[in-house]
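Structural characterization, general
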Amino acid sequence: MAPKTVEKITGFEFESKGALLTRAISENATGFCHERSVIYRKSWHTHDRLNLAFPRGASIVRYKTKANLEVKVDPTQFMVLSANIDHMHWAESTVWDNFALFPSGALVEESGGTQLLSSLPDLTVYDRSQLLNDALGRLFHDAIFRKLTEEELKPTYVFVLHLIFEEIRALASLPEKQEVAGESRDANQVLIYLENRLFEDLDPNEVASKMGVSRASLYRNFKSLTGKSIMTYVRHRRMEEARQLMKAGNLSLSDIAQLVGYEDLYTFSTAYKNIFGTAPSKDPAIQRVKKAP
């Protein structure tokens, strides 16, 4: 059998397999890539830079190296992949929504990460703090929506890198996390289960059975964690994802309705109005929506 080929990337991105919805790439010193796709997979390749990945929304992504290191990264975490490591990655969730940073070596050194990275495995995953999430949100907005120049973007970009490296140092020095209380652990497992199947037909009884708990216990623990029942949480998350797809402006409302789990536009529009108080076609938060054919 012929060996698998590895794509050597001069910059750091190439086309994925799947229905790519939106894509934004910058290959300068403050390198970044944001992609949203329904189904997603990239075959073996390698980057000439450090790769930092931050799943967004309900996206759950997997990375695997040829050395058989494999990780799953959810939106509460970030992934660190060393430069020049053969790897592949794919979406475990229906929608891939990933914001990745590809900083130049000079920026890594400026941010104090060079020596730290040399002591890490080729592929690692860390939890995100709220501070890092907030800083990432600012960077994402400035890079993707405001489209700031590299010079304008650099202060926020470097600040984010500083946070990442400081958090890695702190987390690397901590002892293993203590097991969380049973009820909190169960509720978190349900949350991950739901996020991974957000656009599928879901039934609370079936979810409870899968988790090995009673429906009453599931309802109590999940509501304590999120403030919502399971189906209320699912409806809100589907509409949040729909709103993001609408903002992209390259899909019809009918297509978006089907992507987030609704068979017809009427049911989707009713659910959207119940959550946001306005029909999707009249939502002031959406600047442009492609009309259904």
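It should be emphasised that the depicted structure is a prediction, and the values quoted were computed from it without experimental measurement.

Describing the nonpolar core
Counting residues in hydrophobic clusters, the biggest one holds 31 residues, and the most contacted among them are Leu194, Ile230 and Phe268. For this core, the secondary-structure elements that each account for two or more residues are α5 (182-196), α6 (204-211), α7 (215-226), α8 (230-248), α9 (253-259) and α10 (265-276). Apart from residues lying up to four places away in sequence, phenylalanine 268 is in contact with Met239, Ala242, Ile256, Ala257, Val260, Tyr262 and Pro280. If you look at the next biggest cluster of nonpolar residues, it comprises 30 residues, including Phe32, Tyr126, Ala135 and Phe165.

A closer look at the packing of aromatic side chains
Aromatic ring pairs: the centre-centre distance and the angle between the two ring planes describe each pair. Here the structure, examined in full by the defined rule, presents ten aromatic pairs. Aromatic side chains phenylalanine 99 and phenylalanine 140 sit 5.1 Å apart centroid to centroid with 85 degrees between the ring planes, which places their arrangement in the edge-to-face category. In this pair, phenylalanine 99 sits in strand β9 (residues 95-103) while phenylalanine 140 sits in helix α3 (residues 130-145), placing the two residues 41 residues apart along the sequence. Among the aromatic residues, those joined into a ring-pair cluster are Phe32, Phe99, Phe140 and Phe145. In this structure, arginine 41 is placed above the aromatic ring of tryptophan 90, and the distance from its NZ or CZ to the ring centre is 5.4 Å.

Examining the pairing of strand β7 (residues 77-81)
Among the five residues of β7, five are classified as buried, and the element is accordingly described as predominantly covered. Side chains Gln77, Met79 and Leu81 of β7 all project onto a buried face; the interleaved residues Phe78 and Val80 project onto the opposite face, where all are buried too. Where strand β4 (residues 51-55) lies against β7, three bridges are found, and the strand directions are antiparallel. When the sheet's bridge partners are listed, alanine 53 is paired in β7 with methionine 79. Direction of pairing for β7 relative to strand β10 (residues 123-127): antiparallel, over a ladder of five bridges. From the neighbouring strand, methionine 79 faces β10, where its bridge partner is valine 125.

Definitions and limits used
Residues numbered from 1 in each chain as written. Predicted model: local features only at pLDDT ≥ 70, side-chain atom pairs only at ≥ 80, totals over all residues. Heavy atoms only, no water. Core = buried A, V, L, I, M, F, W, Y, C linked by side-chain atoms within 4.5 Å. Buried < 20%, exposed > 50% of the residue type's maximum accessible area, 1.4 Å probe, protein only. Helix = DSSP H or I, 4+ residues; strand = E, 2+ residues; numbered from the N terminus. Contact = heavy atoms within 4.5 Å. Phe/Tyr/Trp six-rings, centres within 6.5 Å; stacked < 30°, edge-to-face > 60°. Lys NZ or Arg CZ within 6 Å of the ring centre and 35° of its normal. Pairing = 2+ DSSP bridges.

Everything listed here is a matter of coordinates, which is why it stays silent on function.
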